[in-house]
Amino acid sequence: MRFSPRALLVGSALVLLVLGLAVLLLGTGSLPIRPGQVLASLLGQGDSEMVRRIVTRVRLPRVLTALLVGAALGMAGAIFQSVARNPLGSPDVIGFTTGAASGAIVQIILFDAGPLATALAAVLAGLLTALLVVLLTRRTAAGAGYQLVLVGIGVGATLTGLNQLLLVTGDLDQALFAQLWLAGSLNTRTWSHVWPAALGMALVLPLALAYRRELAMLEMGDDCASQLGVAVPRARLLLVLCAVALTAIATAAAGPIAFVALAAPQLARRLTRSAAVPLFCAAWMGAGLLLVADWLSQRLAATAQLPVGLVTGALGGCYLLWLITAQRRG
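For the structure given in this document, a descriptive report is provided here. Computed from a predicted model, the values in this text were never measured in an experiment.

### Looking at the packing of aromatic side chains
With the rule as written, the count across this model stands at three aromatic pairs. Each ring, one from Phe-80 and one from Phe-96, has its centre 4.9 Å from the other, and the planes form 50 degrees; the classification is tilted. In this pair, Phe-80 sits in helix α3 (residues 49–84) while Phe-96 sits in helix α4 (residues 96–111), placing the two residues 16 residues apart along the sequence. Using a relative accessible area of 1% as the deciding quantity, one classes Phe-80 as buried.

### A short note on the nonpolar core
Judged by nonpolar contacts, the single largest core of 85 residues is most densely connected at Val-69, Ile-79, Ile-257 and Leu-291. Here the element with the most residues in this core is α3; it accounts for 19 residues. Setting aside chain neighbours within four positions, we find Ile-257 in contact with Val-69, Leu-73, Asp-92, Gly-184, Ser-185, Leu-290, Val-308, Gly-309 and Thr-312. Formed by 14 residues, the second largest nonpolar core is a distinct cluster that contains Ala-122, Leu-166, Ala-178 and Ala-252.

### Quick notes on unusual backbone geometry
Leave glycine aside and you will find that most residues have negative phi; peptide bonds, for their part, are mostly trans. Even without being a glycine, Thr-188 presents a positive backbone phi close to 55 degrees. Mapping Thr-188 onto the fold places it in the loop between α7 (172–182) and α8 (191–210). Among the residues examined, Thr-188 registers a relative accessible area of 68% and is labelled exposed. Its identity is not glycine, yet Phe-259 carries a phi of approximately 80 degrees, on the positive side.

### Describing α3
In this model α3 runs 51 Å from its N-terminal to its C-terminal C-alpha over 36 residues, within 8% of the 52 Å that 1.5 Å per residue would give. Along its length, α3 reaches its greatest deviation from straightness, about 45 degrees, at Arg-59, and the proline Pro-61 lies no more than four positions downstream. Along α3, 29 of the 36 residues are buried, which leaves the element largely enclosed by surrounding structure. Within two residues after α3, Arg-85 carries a phi angle of roughly 55 degrees, on the positive side.

### Points about helix α12 (residues 260–272)
For an α-helix, the turn length of 3.6 residues means that residues three or four places apart are oriented alike. Over its 13 residues, α12 runs 18 Å from end to end, which matches the ideal 18 Å to within 8%, given 1.5 Å per residue. For α12, every residue scored as buried is listed here: Val-260, Ala-261, Leu-262, Ala-263, Ala-264, Pro-265, Gln-266, Ala-268 and Thr-272. Taken from the residues just after α12, Arg-273 is the one with a positive phi, measuring 55 degrees.

### Comments concerning the environment of Val-58
By the element assignment, Val-58 lies in helix α3. Considered as a pair, Val-58 and Val-230 are 172 residues apart in the sequence and their alpha carbons are 47 Å apart. The contact partners of Val-58, leaving out residues within four places of it in the chain, are Arg-53 and Arg-189.

### Quick word on the environment of Gly-156
Inspection of the secondary structure assignment puts Gly-156 in helix α6 (residues 145–169). Spatially, the C-alpha atoms of Gly-156 and Phe-96 are 7.1 Å apart, while their sequence positions differ by 60 residues. Each residue touching Gly-156, except ones within four places of it in the same chain, is listed here: Gly-95 and Thr-98.

### Considering the state of the cysteines
The tally for this structure, following the rule as stated, stands at zero disulfides. Free of any disulfide, Cys-281 has its nearest neighbouring cysteine sulfur in Cys-242, separated by 19 Å. By relative accessible area, Cys-281 is classed as buried at 6%.

### Some details on the environment of Val-93
By secondary structure assignment, the location of Val-93 is in the loop between α3 and α4. With 63 residues separating them along the chain, Val-93 and Gly-156 place their C-alpha atoms 7.9 Å apart. The residues touching Val-93, leaving out its near neighbours within four places in the chain, are Leu-88, Ile-153 and Leu-262.

### Some points on the packing of helix α2 (residues 35–42) against α3
The relative placement of two packed helices is expressed as an angle between their axes plus a distance between the axes. It is the contact of α2 with α3, at a shortest axis distance of 9 Å, that shows an interaxial angle of 80 degrees. Here α3 runs roughly perpendicular to α2, going by the angle between their axes. Judged by residue contacts, Val-38, Ser-41 and Leu-42 of α2 engage Val-51, Arg-52, Val-55, Thr-56 and Leu-60 from α3. Of the residues that constitute the contact of α2 with α3, the class distribution is five nonpolar, two polar and one charged.

### As for the pattern of salt bridges
Under the definition given, this model contains four salt bridges. Ionic pairing is found between Arg-52 and Glu-49, a salt bridge with its closest N-O pair at 2.2 Å. Note that Arg-52 and Glu-49 are positioned in helix α3 at a spacing of three residues, about one turn of the helix. Here Glu-49 falls in the partly exposed class, since its relative accessible area comes to 40%. For Glu-219, the salt bridge is made with Arg-269, and the minimal N-O distance between the two is 2.9 Å. With Glu-219 in the loop between α9 (212–218) and α10 (222–227) and Arg-269 in helix α12, this pair connects stretches of sequence that are 50 residues apart. For Glu-219, a relative accessible area of 25% translates into the label partly exposed. A relative accessible area of 25% means that Arg-269 is categorised as partly exposed. Sharing partners across several salt bridges, the network here consists of Glu-49, Arg-52 and Arg-53.

Conventions used here
Residues numbered from 1 in each chain as written. Predicted model: local features only at pLDDT ≥ 70, side-chain atom pairs only at ≥ 80, totals over all residues. Heavy atoms only, no water. Phe/Tyr/Trp six-rings, centres within 6.5 Å; stacked < 30°, edge-to-face > 60°. Helix = DSSP H or I, 4+ residues; strand = E, 2+ residues; numbered from the N terminus. Buried < 20%, exposed > 50% of the residue type's maximum accessible area, 1.4 Å probe, protein only. Core = buried A, V, L, I, M, F, W, Y, C linked by side-chain atoms within 4.5 Å. Contact = heavy atoms within 4.5 Å. Expected span 1.5 Å × (residues − 1). Bend = angle between axes of the 7 residues up to and from the residue. Disulfide = S-S within 2.5 Å. Axes fitted to C-alpha atoms, helices over the stretch in contact; angles between N-to-C directions. Parallel < 35°, antiparallel > 145°, perpendicular 65-115°, else oblique. Nonpolar A, V, L, I, M, F, W, Y, C, P; charged D, E, K, R; others polar. Salt bridge = Lys/Arg side-chain N within 4 Å of Asp/Glu carboxyl O.

Laid out in structure tokens, this is it:
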């Protein structure tokens, strides 16, 4: 294992920053709670039973969901960008998030399903979308680079049209619920959202970390990775499946969340200045970005909390324009 002091410093700083943001969010709401009271409530030592209930039963599941969703999206974006060798290769750009959303919308509009069935449909549809994109990419070109991005954008555009058709033709109440789900929100998150996301992360994370060496070599190109002993087709397939599973887990827990998977890996790579794939730092950067977006969604709204997906989408548009401008200058 190669030791990078700067990467270790950046990773430690991100962990501390995310923990600080989590404490800040646990105290944010209609009833402001001081950080000392938050920590005491988490340790079961608070004086007020009402404060403990608010922190542990209402706000803690929301914050933990944000942490898991942000980390999953950050790591998924790092994998996709490395496999595609393109900074635009994030799941929300290449259509995988849209595919997961399509499964949830079909389940809501056609079958009037509950949260669990909607989450399972989102995961299954995300996997099927990834399979379709990978098969189309293999038939159009040998490499994965820009072909993966272009094919993913085309598939995502097609699925977006299908989603809009379902929303227009569906029942009004169901279409309204589906539209709210499409906005991406952390409101009303409970422990029933936390545990499935945590279980999914526990299953996928070890496999993704086990293939981080192969992921770094794939960035040098298929021929170079193959000469270094990497089984390129198998490694790419497993890594894409890991990234799709992470994206589907995040989408099932909070709906489609834009920008995080696109920006987190790039910001982590710039901070660490490391040639290696920053999976760990990208995960904590994604968690931090989503926590900041959640805090802004609660502070910017005058009467009601904004869906966090709208906030990340607005920030993501600005970031995408900056990224394209920087690439043209380069």
